[in-house]
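# Structural overview for review
The chain contents come next:
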Amino acid sequence: MIELPGGNDFDLIQAAVELQHSFVFLTQDLQINRKSPEIYYWVSQAQSLIEIPDFQFYTVASSVQMSHEKKPFDALLCLLDIRLVIAAQLANLLGLRYLNPTSALLLRDKFNVRSTLKQAGIAQPEFALGTTNEEIQQAISHIGLPVLIKPCD
């Protein structure tokens, strides 16, 4: 299990424990979970806690692969979108079914998702890419208000 969405959504861990499933918990910062005794109670029931401060793929992969070799994983669960690409890469490395890394990269880029869906004939709201203040102002002028501005990644 990779991280907790919002850092406090422990119901999936609670369900796993109550169903007597084992799990490994992977996080960038275990201190976030330690701040809440209720959350840490559930997180600490993992067969192992893996904390990787830099959360780079090769560092994460090495630790996760060692844990997987001790007791093979049946699945990988990641509900935190910023970890989607690493989760896909890990699943690929471990031979687990999951989203493929190419799709994960696409899903992390909102502009390319919208463009791909539009090209496939799936209706999209008006959207534009703006990488400078001028381009953002042009997009707002073209789309009109109200407008929602999001980072691509």
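Residues numbered from 1 in each chain as written. Predicted model: local features only at pLDDT ≥ 70, side-chain atom pairs only at ≥ 80, totals over all residues. Heavy atoms only, no water.

### Topic: the side chain of R83
Which entries qualify depends on this criterion: We count a stretch as a helix when DSSP gives it H or I for four or more residues in a row; a strand needs E for two or more, and each element gets its number in order from the N terminus. We define a polar contact as two N or O atoms separated by no more than 3.5 Å, with the added condition that, inside protein, one atom must be a possible hydrogen donor and the other a possible acceptor, whereas residues neighbouring each other in sequence contribute only through side-chain atom pairs. Any two residues whose heavy atoms approach within 4.5 Å are treated as being in contact.
Within the secondary structure, R83 is located in the loop between α4 (57-70) and α5 (84-94). Polar side-chain contacts of R83 include one of 3.3 Å to the side chain of E3. Those residues in contact with R83 that lie beyond four places of it in its chain are I2, E3, Q28, F55 and C78.

### Let's talk about unusual backbone geometry
Generally, phi is negative for residues other than glycine and the peptide bonds are trans, each holding for most cases. Put simply, the rule is: Any residue under 20% of the maximum accessible area for its type is buried, any over 50% is exposed, and the rest in between are partly exposed; the area is computed with a 1.4 Å probe on protein chains only.
At the junction of L145 and P146, the peptide bond is cis and its omega measures out at 0° in the coordinates. Of note in the backbone geometry, Q20 takes a positive phi value of approximately 65° without being a glycine. Tracing the chain through its elements places Q20 in the loop between α1 (11-18) and β1 (24-27). Among the residues examined, Q20 registers a relative accessible area of 74% and is labelled exposed.

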